[in-house]
Structures are given as structure tokens and as C-alpha cells.
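Chain and residue survey
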Amino acid sequence: MNAGSHISKGLVLKIHPDANEGLVRVGGFTVPFHDTVAPHDARATVVLIHGTGGNARTHFHTLFPMLAAKYRVLAVDLQTPREGLTLGTFSRQVAGVIEHCVPARSVHVVGYSLGALVAADLAASNPHTLASLTLVAGWTKADSQQRLRNRIWMRLFETDQDLLREFATWTAYGHPFLAGRSEADVRALVEARVFPDGIAEQMKLNANADLCGKLASITAPTLVVAGAHDQMVPTRQTKLLFGGIPNARYAVIDSGHAIPQERPAQLFQIINEFVTDPESVPAGEIRERMFV
């Protein structure tokens, strides 16, 4: 829900040496994207959708090059309006970038955190666009625990952003991950965290978004990925997401909410296996704690 809103300080490099950076006008938004397309590229396309407070670089800086070794990778930097933000606002941006970059071709969509909800909304609205759907640390509708964390986050955002950096780091990463880091390492994670423009609006969307009426409309082969130690999106929520999508599978990675940062190799492994043959694992299969 707000896992990896941190960025490294200093020079901002391209997400990948082979990635082209471009802009697409979608409605009233100019949407940036990163695309590893090459001339006559016939490889399958994986589309990455980041989560709250992030962008393609901050959430997928490790996963992107792993996927780019095998697939064409297209990552979108979502643009947040000052008001009126909905899942549709974001999913239409992604659809516009896909139509611009990969017209008339099916794509494999991977959404992380809030990006998982955007990906699910896209899949429900554009069923013929997706060859597969991977939802990482997503949820259906925020429950009381999630809304409590959201209220604490909002109060700290308004009153004490230094303390919010610590709170957000504590809730983003799994407790085993943090316990295995030195005090200096944890402090570096805290100090690197920033809160970009639009993050408060995205947090409000986290609290209010509701996929319950859309999940049954998703027809693409779907993989739901949970973090075993996720405090932001507990496994009870990812299981609801899994249970609501007809053609879904479920897997658990030994991680907190920040799966792309904690366990990028394991996440790549499971995405690669699924994208290679989405129907090889039967719908309804559960693979708990197999990716450690």
C-alpha cells in the first residue's frame, strides 16, 4: 500500500541501459514509460505497474533488468491528479501506454501493491488485452487493520514526516528482513525514504478502492503473490483476491510487503515460470511458503 516510496539520493540513472524513455498523452495526463523494445522484437511483453509513492525505478530497479534479459519490458510511471483519483484513472493510463507501444498484441501485466489493484481493474475492463495477470501484494478492499494503518500514516504525514519514515519502513519490510540488518542499514532505509507529490491522494485511494465487484470479470490466467510477513496487506487479503478471480493461482514468498526489494530473484523466478506458460499450473493451486 506504501511499500517502496524510497529512492536513492544522487544521480538518477536509466532503469536499464536498453530502455527507451517516452511519453504518451492519455486524457489529461502525460504519462512516462520505459520500454526495452528492439527492432523486429517478437518477444513476449511484460508490463510493470508500480505501487503507492513509487515509480518504475524505485519499485522495479532490480526486477526490471532480470525480466529484460528474456522479455520486452514496458514499465509505466503513473500520474496522480490533485483530486478525483480512482483506479480507473490509473488503469486508463496503463491502457493508453499499452495501446501506444504494443498495439493489437496481448501482454503479460504485473502489478505491485496499489499497482496490483490497477492491474486488476485493467484486466476487468480490457479482458482481451492480457495474456496473463500477476498481482503482487494486492488486496480487494481495505479492512479495519489496513484503514487503521492508513489513518496513522496520514496523521504522521501531516504532523511528523521524520517519524513517518520510520513507521513506513517498519511496516514495509518483513520483520525477519529488518532483524537481519544492522542499525546502520535500517537507518539508511529510513533516511532514503521520500514522499513524492501525489502520495497522499494515492493513500486515500488505498483506503477506499474496492475490487469486489470486478474480480469475477477477470478472465486472464492470474497469479496472486503474497508476502508471508506482509503487515500492509496480510495474507488473508491476498487470499480473498485469489478466491475472487476465477482463473487464479496463489503463491507465497518469504517477505514483507516490499517483495520487489526484499526478494527480487524469487519474484522474478515465479513471474518467469508463470509468464512462460500461464496455464501450466492449474487454476486454484496454492503454493504456500515455497519461495524462500
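Residues numbered from 1 in each chain as written. Predicted model: local features only at pLDDT ≥ 70, side-chain atom pairs only at ≥ 80, totals over all residues. Heavy atoms only, no water.

Before going further, it helps to examine the pattern of salt bridges. Considering all chains together, one arrives at 11 salt bridges under this definition. Put simply, R72 and D35 hold a salt bridge, and the shortest N to O gap is 2.7 Å. Of this pair, R72 sits in strand β4 (residues 72-76) while D35 sits in strand β2 (residues 29-35), and the two are 37 residues apart along the sequence. There is no split in this pair, since R72 and D35 are both buried. The residue E273 makes a salt bridge to R287 at a minimum N-O spacing of 3.9 Å. With E273 in helix α12 (residues 264-276) and R287 in strand β9 (residues 286-291), this pair connects stretches of sequence that are 14 residues apart. (Salt bridge = Lys/Arg side-chain N within 4 Å of Asp/Glu carboxyl O. Helix = DSSP H or I, 4+ residues; strand = E, 2+ residues; numbered from the N terminus. Buried < 20%, exposed > 50% of the residue type's maximum accessible area, 1.4 Å probe, protein only.)

As a further point, take the side chain of S91. Mapped onto the elements of the fold, S91 is located in helix α3 (residues 87-101). The contact partners of S91, leaving out residues within four places of it in the chain, are V118, D121 and L122. (Contact = heavy atoms within 4.5 Å.)

Moving on: the packing of helix α5 (residues 144-159) against helix α6 (residues 161-172). It is the contact of α5 with α6, at a shortest axis distance of 7 Å, that shows an interaxial angle of 150°. Taken together, the axes of α5 and α6 are roughly antiparallel relative to one another. Contacts between α5 and α6 involve R149, I152, W153, L156, F157 and T159 from the first element and Q161, L163, L164, F167 and T171 from the second. Taken together, the residues of the contact of α5 with α6 sort by class into 7 nonpolar, 3 polar and 1 charged. (Axes fitted to C-alpha atoms, helices over the stretch in contact; angles between N-to-C directions. Parallel < 35°, antiparallel > 145°, perpendicular 65-115°, else oblique. Nonpolar A, V, L, I, M, F, W, Y, C, P; charged D, E, K, R; others polar.)

Once that is clear, we can look at the side chain of S113. Mapped onto the elements of the fold, S113 is located in the loop between β5 (107-112) and α4 (114-125). The buried category is assigned to S113, whose relative accessible area is 1%. One polar contact links S113 to H257, side chain to side chain, over a distance of 2.8 Å. (Polar contact = N/O pair within 3.5 Å; in protein donor to acceptor, adjacent residues only side chain to side chain.)

In this model, α4 (12 residues) spans 17 Å end to end at C-alpha, consistent with the 16 Å of a helix rising 1.5 Å per residue. Burial within α4 is extensive, with 11 of its 12 residues counted as buried. Restricting attention to buried positions, one finds in α4 the residues L114, G115, A116, L117, V118, A119, A120, D121, L122, A123 and A124. Buried positions along α4 lie against β3 (45-49), α3, β5, β6 (130-136) and α9 (199-208). (Expected span 1.5 Å × (residues − 1).)

The subject of this paragraph is the nonpolar core. In this structure, L48, F64, V94, V109, L133 and L267 are the most contacted members of the largest nonpolar core, which totals 82 residues. It is α4 that contributes the most residues to this core, 9 residues altogether. Discounting residues that sit within four places of it in the chain, L133 has contacts with V109, A119, A120, A123, I218, A220, P221, T222, L223 and F274. Ranked by size, the runner-up nonpolar core spans 9 residues in total, among them L156, L164, F167 and A200. (Core = buried A, V, L, I, M, F, W, Y, C linked by side-chain atoms within 4.5 Å.)

Note: strand β1 (residues 20-26) against β2, 7 bridges, orientation antiparallel. Within the sheet, the bridge partner assigned to L23 lies in β2 and is P32. The turn linking β1 back onto β2 is made up of 2 residues, and G27 within it adopts a positive phi angle of 60°. (Pairing = 2+ DSSP bridges.)

At A104, a residue that is not glycine, the phi angle is positive and equals roughly 60°. Within the fold, A104 resides in the loop between α3 and β5.

In total, this model carries 6 aromatic pairs according to the counting rule given. Here W153 and F157 contribute two aromatic rings whose centre-to-centre distance is 5.0 Å and whose plane-to-plane angle is 15°, an arrangement assigned as stacked. Taken together, the residues span about one helical turn, with W153 and F157 both in helix α5 at a distance of 4 residues. A residue is classified by how much of its surface remains accessible, and W153, at 0% relative accessible area, is buried. A centroid spacing of 6.0 Å and a plane angle of 90° characterise the contact between W153 and F195, whose relative ring orientation is edge-to-face. Taken together, the residues span a long stretch of sequence, with W153 in helix α5 and F195 in the loop between α8 (183-192) and α9 at a distance of 42 residues. (Phe/Tyr/Trp six-rings, centres within 6.5 Å; stacked < 30°, edge-to-face > 60°.)

Another point: the pairing of β4. Of all 5 residues making up β4, 5 are buried, and the element is well covered by its neighbours. Alternating positions in β4 separate into two faces, R72, L74 and V76 on one and V73 and A75 on the other, with burial throughout. Where β2 and β4 come together, 3 bridges link them in antiparallel fashion. Bridging from a neighbouring strand, H34 pairs with A75 of β4. As defined by bridge partners, β3 adjoins β4 across 5 bridges and the pair is classed as parallel. Note on β4: the bridge partner recorded for V47 is L74.

Treat this as a map of the structure, not an account of what it does.
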